[in-house]
Amino acid sequence: MLMSASSRPARLHYMANGFRLLSPGDHVICAVTGAPIALEELRYWSVERQEPYATAEISVGALSPQ
């Protein structure tokens, strides 16, 4: 029986111009807010930290020195 990837978080490897799917799923979890982000809507991530962000504002805040 085939398992559906829906409603499961994916594992990704983030690269400068995209990401590679390491394990199937339909979303990732924002590293700051914990909100789910559909893979089709994922636009912001950190290559260094290997973590996704829900919005540009969140990504800038996460990468700014404290």
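Attention here is on the structure that accompanies the text. (Residues numbered from 1 in each chain as written. Predicted model: local features only at pLDDT ≥ 70, side-chain atom pairs only at ≥ 80, totals over all residues. Heavy atoms only, no water.)

What about unusual backbone geometry?
Backbone geometry follows two general trends: most residues other than glycine have a negative phi, and most peptide bonds adopt the trans configuration. Just so we agree on the cut-off: In DSSP terms, a helix is any run of H or I states spanning at least four residues, a strand is any run of E spanning at least two, and both are numbered starting from the N terminus. The classification of residues rests on relative accessible area computed with a 1.4 Å probe and restricted to protein chains. Under 20% of the type maximum is buried, over 50% is exposed, and intermediate values are partly exposed.
In this model, Gln-50 sits at a positive phi of 55°, which is unusual for a non-glycine residue. Tracing the sequence through the fold places Gln-50 in the loop between strand 5 (44–46) and strand 6 (51–53). The exposure class of Gln-50 is partly exposed, given its relative accessible area of 30%.

Structural notes on the nonpolar core
Stated formally: Throughout this description, the term nonpolar core refers to a set of buried Ala, Val, Leu, Ile, Met, Phe, Trp, Tyr and Cys residues connected via side-chain atoms within 4.5 Å. Contact definition: two residues touch when any of their heavy atoms are within 4.5 Å.
Ala-10, Leu-12, Tyr-14, Val-28, Cys-30, Ile-37, Leu-39 and Leu-42 together form the largest nonpolar core, which totals 8 residues. Each residue touching Leu-39, except ones within four places of it in the same chain, is listed here: Ala-10, Leu-12, Phe-19, Leu-21, Gly-25, Asp-26, His-27 and Val-28.

A look at the environment of Thr-33
Note that Thr-33 resides in the loop between strand 3 (27–29) and strand 4 (36–38). For Thr-33, a relative accessible area of 46% corresponds to the partly exposed category.

Concerning the pairing of strand 1 (residues 11–15)
This is how it is decided: By the convention used here, strands pair only if DSSP detects at least 2 bridges between them.
A one-sided burial pattern is seen for strand 1, the buried positions being Leu-12 and Tyr-14 and the unburied ones Arg-11, His-13 and Met-15. Judged from the 5 bridges that link them, strand 1 and strand 2 (residues 18–23) form a sheet pairing that is antiparallel. Residue pairing in the sheet places Tyr-14 in a bridge with Phe-19 of strand 2. The turn joining strand 1 and strand 2, which pair antiparallel and follow one another in sequence, is formed by 2 residues.

By themselves these figures say nothing about function.
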